[in-house]
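Observations on chain architecture
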Amino acid sequence: MSGGLNLSHCFRRFGAAILCLSVIVGTGLAAETQVSFAGKTIRVIVPVAPGGGLDLQSRALAPLLQANMPGNPAVVVQNVAGAGGIVAGNLFMREQGPELTILQCHIGHPLYQLLGHDIKYDVRRWHFLGGSKRDFMPILQRAELPYASISEWTQAKSPITWSADTLGSTVENPARIMRLTGVKMKIVSGYPGGTARLLAVLRGEADATPEVLATAKPHLDAGKLKVVGRLIPPQIPGYPDAPYVLRTFPFTEEQKILYGVAEAPWHLQTCWLVREETPKPVIQVLRDAVKRAITSPDYESAMQKVQLGGDYMSPEEIQEKFIKPQLGIPNDLQDKFRKMALAEER
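Residues numbered from 1 in each chain as written. Predicted model: local features only at pLDDT ≥ 70, side-chain atom pairs only at ≥ 80, totals over all residues. Heavy atoms only, no water.

With that out of the way, let us pick up unusual backbone geometry. A negative phi angle characterises most non-glycine residues, just as the trans form characterises most peptide bonds. In this structure, Asn 72 takes a positive phi of about 50° despite not being glycine. Secondary-structure assignment places Asn 72 in the loop between α2 (53–67) and β2 (74–79). At Gln 307, a position not held by glycine, the phi torsion is positive, near 55°. By the secondary structure assignment, Gln 307 is in the loop between α10 (297–305) and β11 (312–313). (Helix = DSSP H or I, 4+ residues; strand = E, 2+ residues; numbered from the N terminus.)

Below, the structure is given as structure tokens:
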């Protein structure tokens, strides 16, 4: 008899627990569905000047974000250029107010934090909403050089000259890691952007540089350049034999981690994010809206017109491929990478 009473008591407690859980879950779902931005203005900070690739991506996203958010808020784009995105990142963290502000991430934001630049943000505290991944990244070389691929650079009698932009940049760092394996390389920096770096190769001022395929295609078709390798794993359409850096050179285990730091920025084309104090229901609504916008035919069409393709990249992928390889490695390896990346060329 007592066993029956105990069993009945257990059932009553179990039923009460299920009811309580249902109320909690229902309340959470209700909170999310009640998020509305009616009458609000959402600001999207773009970390570059108007007209560039990042700017075009945010301007294509803005009306689609508006259409996919409850309450149909106004979405305005503000360009804050300077210091490779640092000015925008610092402004984003400094400003407070009733407006919801979204920051478009610059691929250098985590790297600048690792290098110890003058920043007022911590990328690890940001909530990523989603973005678009980079499909592939070729290494381009002057056609008249005798090397068919980067694997043959180890045979070069003279150093391979690599055109880059600034000290410690996403363009410089892969070459610095390759050099650790014994490849003779000379880095020449100071070129303002991918087009300038590519022109340096075409003019004979440099031998090689990484650059998006769309920019290089006319010169590849004219026989002035050739694809000799790739910075990240995905194969390059039309160039399936172009070797991946990490599988080409005899990296030690430590050097593989350091190359992972150098490679990480190239996985991301762009993404958007909000500050850490943003309420969870708002974050979820924004993530859903960003995903719907990026995967929409309208966004895809807009990106194809400016040759800026790229599949949707989830917040989880951004963390795994973009943030953790740079800021999730041991402190001693961060120090090694920092010293290597900021060493002046002799």
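Let us look at the layout of surface pockets. Counted as a void, the largest pocket has a volume near 1,400 Å³. Taken together, 46 residues form the lining of the largest pocket, with Ile 107, Arg 134, Glu 211, Val 212 and Trp 266 sitting closest to its centre. Breaking the lining of the largest pocket down by element, the ones donating at least two residues are α2, α4 (109–115), α6 (194–202) and α7 (213–221). When residues of the lining of the largest pocket are assigned to their parent elements, the largest contribution, 4 residues, is made by α7. Residue classes in the lining of the largest pocket are distributed as 21 nonpolar, 19 polar and 6 charged. Taken as a whole, the second largest pocket holds about 210 Å³ of empty space. Along its surface, the second largest pocket is lined by 13 residues, and Ile 294, Glu 300, Gly 309, Gly 310 and Asp 311 are the ones closest to its centre. (1 Å grid on protein atoms, 1.4 Å probe; cavity = no way out; pocket = protein on both sides within 12 Å on 5 of 7 lines; lining within 4 Å. Points joined across faces, edges and corners; volume = space filled by probe spheres on them. Nonpolar A, V, L, I, M, F, W, Y, C, P; charged D, E, K, R; others polar.)

Quick look at the packing of helix α5 (residues 172–180) against helix α12 (residues 331–341) now. With their axes 10 Å apart at the nearest point, α5 and α12 run at an angle of 105° to one another. By the angle class used here, α5 and α12 are roughly perpendicular. Contacts between α5 and α12 involve Glu 172, Asn 173, Arg 176, Ile 177 and Leu 180 from the first element and Phe 337, Met 340 and Ala 341 from the second. Here the residues of the contact of α5 with α12 are counted per class, giving 5 nonpolar, 1 polar and 2 charged. (Axes fitted to C-alpha atoms, helices over the stretch in contact; angles between N-to-C directions. Parallel < 35°, antiparallel > 145°, perpendicular 65-115°, else oblique. Contact = heavy atoms within 4.5 Å.)

This paragraph deals with the sheet that holds strand β1 (residues 41–46). Strands belonging to one sheet form pairs held by backbone hydrogen bonds; the direction of such a pair is parallel or antiparallel. Reading across from one edge, β2-β1-β3-β10-β4-β11 is the order of the 6 strands in this open sheet, with mixed pairing throughout. For this open sheet the edge positions go to β2 and β11, each flanked by a neighbour on one side alone. As judged from the 3 bridges shared by strand β3 (residues 100–105) and strand β10 (residues 268–274), these two strands associate in the antiparallel manner. Looking at the pairing, Gln 104 lines up with Trp 272 of β10. Its contacts with the sheet put α2 on β1, β2, β3, β4 (127–133) and β10, and the angle it makes with β2 is roughly 170°. (Pairing = 2+ DSSP bridges.)

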